[in-house]
Amino acid sequence: MKRNLILSCAAAAFFGAGWASAQDLTVVNFGGANGNAQKAAFSEPFEKKTGHKIIPVEYNGEEAKIRAMVEARHVTWDLVEVETNTVIRGCDEGLYEKLDYSKIAPKSDFIAEAPQECGLGFFVYSMVLAYNGDKLKTAPASWKDFWDVKRFPGKRGMRKLAPTNLEFALMADGVPAKDVYQVLSTKAGVDRAFKKLDEIKPYIQWWEAGAQAPQFLVAGDVVMSTVFSGRVDAARREGKNLNVVWDGSIYDLDYWAIPKGSPNKDLVLEYIAFSTAAPQQAEYARHIAYGPVNQAAIRMLDAKTLADMPNSPANIKNAVLLSSQFWNDHGEELQQRFTAWAAK
């Protein structure tokens, strides 16, 4: 799930917050339904098991806050949920502790993408094509359908960021999912993606916050939308008839990372180990449709739950792993071009 990359360096607000008890852990996440799922599957069971209190904090991915804490050597956040590009870049810059997997679990317990030097992925999410089954009687089946405004007239919801939209455009133009980044890594491929986006630009209704996409679908403002898969699941739990097309979805992970200088590092590692163990991973997946990283947990889920998992064997068959390497190398220039294109 890529959030706004424009970060605010406002450290004063949290510097005055004081220190939590040495027996408490301050765990930072993105809130919402995901935060609630973490509370139910991870934090509350951990508190019961260990007696250590988990203090939840919500944020919007502001890496500048973490950087300010680390540089001031005043770290009040013990554990943070971060995205792939953030954990890789932050590790290189010394913002996060290197993980001791001997205190967590063998790396082989997890899907290949999960273990990083400074972070451990703890769930898989996807950006998918979604539609409202009450308002769209003919179901779309692919990104080609998303672009087909004659067969499916109406607005399309899209996130106002370059990542995933360029990939979707290429798949709509006939590029196989497995070849997307090979094509996108060329100038001709980038031009091809923007040319394809031109076709539906008059039909796009932009969204920026994750909650907006399902709201647009429920209201009938758009006939289809790109949306985080977990947001669809949350809407379904409220009785909304939103459906997902998994073909050509783009998946990624969110990671646990320990800010450099966390005063409770050993206890944090215990929490990471607990939250990524198979029973807790399976329980988490039952609360929100994000996929487990623990391979044993995937095998613990029933067919109904697996049907909504981004990384279930059926749903991941023609999915694309978001290339953090590509977006770290080209993200700034492509986002600038995308922003200028969207503003025209």
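Keep in mind it's a predicted model, so treat the numbers as computed, not measured.

### What to know about the pairing of strand β2 (residues 54-58)
Then, number 1: Taken together, the 5 bridges between strand β1 (residues 25-29) and β2 define a ladder with parallel strand orientation. By the bridge assignment, Val-28 is partnered in β2 with Val-57.
Then, number 2: Between the parallel pair β1 and β2, the chain is carried across by helix α2 (residues 32-50), and the sense of this crossover is right-handed.

### Brief notes about empty space enclosed by the protein
Then, number 1: Tallied over the entire structure, the rule returns 2 cavities of 30 Å³ or more.
Then, number 2: By volume, the second largest cavity amounts to about 40 Å³.
Then, number 3: Lining of the second largest cavity is provided by Ser-229, Val-232, Asp-233, Arg-236, Val-244, Trp-246, Ala-289 and Asp-308.
Then, number 4: Within the residue set of the lining of the second largest cavity, elements represented by two or more residues are α10 (229-237) and β8 (242-257).
Then, number 5: Counting residues per element, the lining of the second largest cavity draws most heavily on α10, at 4 residues.
Then, number 6: Split by residue class, the lining of the second largest cavity holds 4 nonpolar, 1 polar and 3 charged.

### Here we look at the pattern of salt bridges
Charged atoms that come close allow side chains of opposite charge to pair.
Then, number 1: As enumerated under the stated definition, the model contains 17 salt bridges in all.
Then, number 2: When the shortest N-O distance is used, the salt bridge between Glu-97 and Lys-260 registers 3.9 Å. Taken as a pair, Glu-97 in the loop between α4 (84-92) and β4 (120-132) and Lys-260 in the loop between β8 and α11 (265-275) lie far apart in primary sequence, 163 residues in all.
Then, number 3: Its relative accessible area of 11% is what places Glu-97 among the buried residues.
Then, number 4: Take Lys-260: its relative accessible area is 40%, and that puts it in the partly exposed class.
Then, number 5: Between Lys-178 and Asp-179 there is a salt bridge, with the nearest N and O atoms lying 3.3 Å from each other.
Then, number 6: Relative accessible area serves as the criterion here: at 72%, Lys-178 is assigned to the exposed category.
Then, number 7: Within the structure, one salt-bridge network assembled from shared partners comprises Glu-63, Arg-67, Arg-89 and Glu-93.

### Considering the state of the cysteines
Should the sulfur atoms of two cysteines be covalently bonded, the bond is a disulfide.
Then, number 1: Following the criterion strictly, the structure yields 1 disulfide and no others.
Then, number 2: With its sulfur 2.1 Å from that of its partner, Cys-91 forms a disulfide with Cys-118. Judged by the torsion about the S-S bond (55°), the Cys-91/Cys-118 disulfide is right-handed. Here Cys-118 lies in the loop between α4 and β4 and Cys-91 lies in helix α4, a separation of 27 residues in the sequence.

### Considerations on helix α9 (residues 212-219)
Then, number 1: For α9, the set of buried residues is Ala-213, Pro-214, Phe-216 and Leu-217. For α9, the angular spread of the buried residues around the axis is 155°, confining them to a single face.
Then, number 2: Structurally, α9 contributes buried residues whose contacts are with β4, β6 (204-207), β7 (224-228), α10 and β8.

### Comments concerning the layout of surface pockets
Then, number 1: Within this model, the second largest pocket holds a volume of roughly 240 Å³.
Then, number 2: Around the second largest pocket, the lining comprises 16 residues; the ones closest to its centre are Asn-29, Gly-35, Lys-39, Ser-43 and Pro-56.
Then, number 3: Ranked by the residues each element gives to the lining of the second largest pocket, the list is headed by α2, at 8 residues.
Then, number 4: For the lining of the second largest pocket, a count of residues per class yields 5 nonpolar, 7 polar and 4 charged.

### Regarding the pairing of strand β5 (residues 156-159)
Then, number 1: Side chains of β5 alternate between two faces, with Arg-156 and Met-158 and Gly-157 and Arg-159 buried alike.
Then, number 2: With 4 bridges connecting them, β5 and β6 associate as parallel partners. Along β6, the bridge assignment pairs Met-158 with Trp-206.
Then, number 3: Inspection of the sheet shows β5 paired to β7 by 2 bridges, in the parallel sense. Pairing of Arg-156 across the sheet is with Met-224, part of β7.

Reading the values: the criteria
- Residues numbered from 1 in each chain as written.
- Predicted model: local features only at pLDDT ≥ 70, side-chain atom pairs only at ≥ 80, totals over all residues.
- Heavy atoms only, no water.
- Pairing = 2+ DSSP bridges.
- Helix = DSSP H or I, 4+ residues; strand = E, 2+ residues; numbered from the N terminus.
- Right-handed = clockwise from strand over helix to strand, strands pointing away.
- 1 Å grid on protein atoms, 1.4 Å probe; cavity = no way out; pocket = protein on both sides within 12 Å on 5 of 7 lines; lining within 4 Å.
- Points joined across faces, edges and corners; volume = space filled by probe spheres on them.
- Nonpolar A, V, L, I, M, F, W, Y, C, P; charged D, E, K, R; others polar.
- Salt bridge = Lys/Arg side-chain N within 4 Å of Asp/Glu carboxyl O.
- Buried < 20%, exposed > 50% of the residue type's maximum accessible area, 1.4 Å probe, protein only.
- Disulfide = S-S within 2.5 Å.
- Arc of directions from axis to C-beta.
- Contact = heavy atoms within 4.5 Å.

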